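# Coordinate analysis (summary)
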Amino acid sequence: MWTLVSRGWGCARTLARWATGAALGPAPTFGAAPESWPTYRVYSSAEFKEKLDMSRFPVENIRNFSIVAHVDHGKSTLADRLLELTGTIDKTKNNKQVLDKLQVERERGITVKAQTASLFHNCEGKQYLLNLIDTPGHVDFSYEVSRSLSACQGVLLVVDANEGIQAQTVANFFLAFEAQLSVIPVINKIDLKNADPERVENQIEKVFDIPSDECIKISAKLGTNIESVLQAVIERIPPPKVHRKNPLRALVFDSTFDQYRGVIANVALFDGVVSKGDKIVSAHTQKTYEVNEVGVLNPNEQPTHKLYAGQVGYLIAGMKNVTEAQIGDTLYLHKQPVEPLPGFKSAKPMVFAGMYPVDQSEYNNLKSAIEKLTLNDSSVTVHRDSSLALGAGWRLGFLGLLHMEVFNQRLEQEYNASVILTTPTVPYKAVLSSSKLIKEYREKEITIINPAQFPDKSKVTEYLEPVVLGTIITPDEYTGKIMMLCEARRAVQKNMIFIDQNRVMLKYLFPLNEIVVDFYDSLKSLSSGYASFDYEDAGYQTAELVKMDILLNGNTVEELVTVVHKDKAHSIGKAICERLKDSLPRQLFEIAIQAAIGSKIIARETVKAYRKNVLAKCYGGDITRKMKLLKRQAEGKKKLRKIGNVEVPKDAFIKVLKTQSSK
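Counting from 1, residues in each chain are numbered in the order their sequence is written. Predicted model: local features are reported for residues with pLDDT of at least 70 only, side-chain atom pairs are reported and counted for 80 or more only, and whole-chain, interface and lining totals are derived from all residues. As a convention, hydrogens and water are excluded, and side-chain values are obtained from all of the structure's heavy atoms.

## Comments concerning the environment of serine 583
The test is simple: Each helix is a run of DSSP H or I of at least 4 residues and each strand a run of E of at least 2, with the numbering of both proceeding from the N terminus. The buried label goes to any residue with under 20% of its type's maximum accessible area, the exposed label to any with over 50%, and the partly exposed label to all in between, with areas taken from a 1.4 Å probe on protein chains only.
One can find serine 583 in helix H15 (residues 569-583). With a relative accessible area of 13%, serine 583 lands in the buried category.

Rendered as structure tokens:
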């Protein structure tokens, strides 16, 4: 409620009349005490809308489903059409990627964050509540997909009628299959000139064992046959199995941070009811909160009186600290404890990179920005780190290279933070050899995420590197080139299946560090953009790994230490030395840039010294005079080289540490 107070009664009166549209009584007499002034309630726009009554949706009229697909197969476009068809948004030409709210999503044309929307749909005289979750398609964001599926009972598996089944289509199908969800195959883009829905139907039947007559053919762009998708959702996806009379059990499957309202938690209710004013407890932190607001996303926030079991919505409970809203947490009513829900497997980082502020005075601002962004993206792991050259910072774990780029871009766009990112590395393991070392580290097998901490060979019995099972789907004319690329990356072939007359599915076991930087780009260029790639974690395998130091005039540069396979050490060392030679400023003395494994130098580049022409004053004369001057200059440079320090400037670090696809 707002109380209108003004120096002039007329101003407050006019505002009240404009806001409420009501005729007001006479003004108070001149000189009357303020306590006697009447107050008028003015509703905000959110309150003025009548709050939705969610009790009118019984459990049997609720359907919770996700849209999953490979990158660019039309998930977000289909979501736009479903929102239009159910009247959730108005039909306009501007409805493109309505659920993609981040700037980075609109710029890149990809979905990064899973987004929820509640649709209200009338079918055969019944009012249905359809909770839709639009998910990302890239392999780096598969954690978003698996989290979204926990709040669903079915999925729409979208396949491009032109491209057919791709690697991420297969991965997403098995995520849904393992979660025992109903799968509705949807063949999109049937309006394209080269579309071949019959071929795609046969692929779906062969790979997923789903009868071809269950496929729905649509064009999300033109809105063709979208009604049958809604009909299939109602008929084929079961309602959630929940109990509204049981005590509250709500799963937090996503969350965002609002600087004014604190944490906004996206919840799926498995039991009970929650309403504004309820006291709830977090099973993870055991802290108690009072619910300030509950509602549904339609697709913008719309407050409701209550949320009931089986429904998906949002909840604001005054959580001000970003660490309080753990994704996978269970919320329950105060003094009514319940058994927590299983939650999620924590995301396993595949790529690590150092992140440092460009200016150390920005450290606290960057720390706050990273905390808020990791609340919204819980798959990022954060460890404190420091460097002599770059100062205090963090070592962050990501699910892949695109994930790292998107996180960096969001930091810049949403929090105006500029950072230095080091070369991405993968987590290695080392099996310790002596009981003394095991006692010191408190475990036999240690994980190394920072190459500078890589233990010496004398301390370990073996090194282990992470491996992934990669799936490549490609037209068969590129098979030979792709096999050569995989072999060059130390991959081992596991399987090869023809999914139709001209498409092949290859399965390879890859060392993760071989594919993490530029494998995807190489694959796309070899196959003219037709091949698709997806991978899943496959544990660790023994490997001949070595720690490669970079030396400047005999001094190790800690920030440039890398862990490489023994067979590739020379080529990688040479590339780093060449890059450093181009980046380092010249000095008055010679700088030797060396790549070393232990005491063995495997690559070298030299930055020549600035040289004064000491013979300029000699016009003829004996050669011994010239030799004497050159000898004195050489001795001076030798002395300078001993006492002079080579400091690598920050911009040179940035050039060397940035991934260069040409190398």
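## Observations regarding a negative patch on the surface
Applicable threshold: Like charges within 9 Å and nonpolar side chains (Val, Leu, Ile, Met, Phe, Trp, Tyr) within 5 Å are joined into patches, using only residues over 30% in relative accessible area that form no salt bridge. Only the protein chains shown count as covering a residue, and every accessible area follows the Shrake-Rupley method with a 1.4 Å probe. By convention in these notes, a salt bridge is any Lys or Arg side-chain nitrogen within 4 Å of a carboxyl oxygen on Asp or Glu. Counted charges follow a simple rule, with Lys and Arg positive, Asp and Glu negative, and His plus the chain ends left uncounted. Where a charge lies is defined by one atom per residue type, namely NZ (Lys), CZ (Arg), CG (Asp) and CD (Glu).
A cluster of like negative charges, contributed by Glu205, Asp209, Asp213 and Glu214, occupies part of the molecular surface. Summarising the element assignment, aspartate 213 is placed in the loop between helix H7 (197-208) and strand S6 (216-217). By relative accessible area, which is 68% here, aspartate 213 ends up exposed.

## Things to note about the sheet that holds strand S1 (residues 62-69)
Selection criterion: Pairing between strands requires that DSSP locate at least two bridges from one strand to the other. We call two residues in contact when some of their heavy atoms are within 4.5 Å. To obtain an axis, a line is fitted to C-alpha atoms, over the contacting stretch when the element is a helix, and the angle between two such axes runs from 0 to 180 degrees between their N-to-C directions.
Judged by pairing direction, the sheet is mixed, and its six strands sit side by side in the order S2-S3-S1-S4-S5-S6 without closing on themselves. Only two strands of the sheet have a single partner each, and these edge strands are strand S2 (115-123) and S6. Here strand S5 (residues 182-188) pairs with S6 via two bridges, running parallel. Residue pairing across strands places valine 186 opposite isoleucine 216, the latter belonging to S6. Set on the sheet, helix H6 (residues 167-178) makes contact with S1, strand S4 (154-160) and S5; between it and S4 the angle comes to about 170 degrees.

## Quick look at the pattern of salt bridges
Per the stated rule, a full pass over the model turns up 18 salt bridges. The residue glutamate 605 makes a salt bridge to lysine 574 at a minimum N-O spacing of 3.9 Å. Placement of glutamate 605 in strand S31 (residues 600-607) and of lysine 574 in helix H15 is noted, with a sequence separation of 31 residues between them. For glutamate 605, a relative accessible area of 15% gives the class buried. Its salt-bridge partner being glutamate 605, residue lysine 581 comes within 3.8 Å of it at the nearest N-O pair.

## Regarding helix H3 (residues 75-85)
Burial of H3 is extensive: nine of the eleven residues sit out of reach of the surface. Along H3, the positions that sit buried rather than exposed are Lys75, Ser76, Leu78, Ala79, Asp80, Arg81, Leu82, Leu83 and Glu84. The inward-facing, buried residues of H3 abut S1, S2, strand S3 (126-134), S4 and helix H8 (226-236). Of the residues one or two after H3, glycine 87 is the one with positive phi, at around 75 degrees.

## Some points on the pairing of strand S15 (residues 312-316)
For S15, the tally of buried residues reaches five of five residues, placing the bulk of the element in the interior. Both faces of S15 are covered, namely the face carrying Val312, Tyr314 and Ile316 and the face carrying Gly313 and Leu315. In this structure, strand S8 (residues 262-271) lies alongside S15, joined through five bridges in antiparallel fashion. Across the sheet, alanine 265 pairs through a bridge with leucine 315, a residue of S15. Here three bridges tie strand S12 (residues 293-297) to S15, and the two strands are oriented antiparallel to one another. The residue of S15 that forms the bridge with valine 294 is leucine 315.

## Brief notes about the sheet that holds strand S17 (residues 351-357)
Ordered in space as S18-S19-S17-S20, the four strands form an open sheet in which the pairing is antiparallel. Looking at strand neighbours, the two that pair on one side only are strand S18 (381-387) and strand S20 (419-421), the edges of this open sheet. Taken pair by pair, the neighbouring strands of this sheet meet at an average axis angle of 30 degrees, ignoring direction. Pairing of S18 with strand S19 (residues 391-398) involves seven bridges; the strand directions are antiparallel. Looking at the pairing, serine 386 lines up with alanine 392 of S19. Across the sheet, helix H9 (residues 363-376) lies against S17, S18, S19 and S20, angled at about 15 degrees from S19, the strand it touches most.

## So, the nonpolar core
What counts is decided by this rule: The nonpolar core is taken to be a set of buried Ala, Val, Leu, Ile, Met, Phe, Trp, Tyr and Cys residues, with the residues joined through side-chain atoms within 4.5 Å.
Ranked by internal contacts, the top residues of the largest apolar core, which has 35 residues, are Ile472, Phe510 and Phe519. Leave out the neighbours within four places in its chain, and isoleucine 472 touches Ile482, Cys486, Val504, Met505, Leu506, Phe510, Phe519, Leu523, Ala531, Ser532 and Phe533.

## Points about a positive patch on the surface
Side chains of Lys612, Lys617, Arg625, Lys628 and Arg632 sit close together on the surface and give a patch of like positive charge. One can find arginine 632 in helix H16 (residues 623-643). Given a relative accessible area of 53%, arginine 632 falls into the exposed group.

## Topic: the pairing of strand S27 (residues 545-552)
The buried fraction of S27 is high, at seven of eight residues. Sheet topology note: the S27/strand S29 (residues 562-565) ladder contains four bridges and is antiparallel. The residue of S29 that forms the bridge with leucine 545 is histidine 565. One ladder, built from five bridges, connects S27 with strand S30 (residues 591-597); its direction is antiparallel. When the bridges of S30 are listed, isoleucine 550 appears paired with alanine 595. In the sheet, S27 pairs with strand S28 (residues 555-556) via two bridges, with the strands oriented antiparallel. Bridging from a neighbouring strand, leucine 552 pairs with asparagine 555 of S28.

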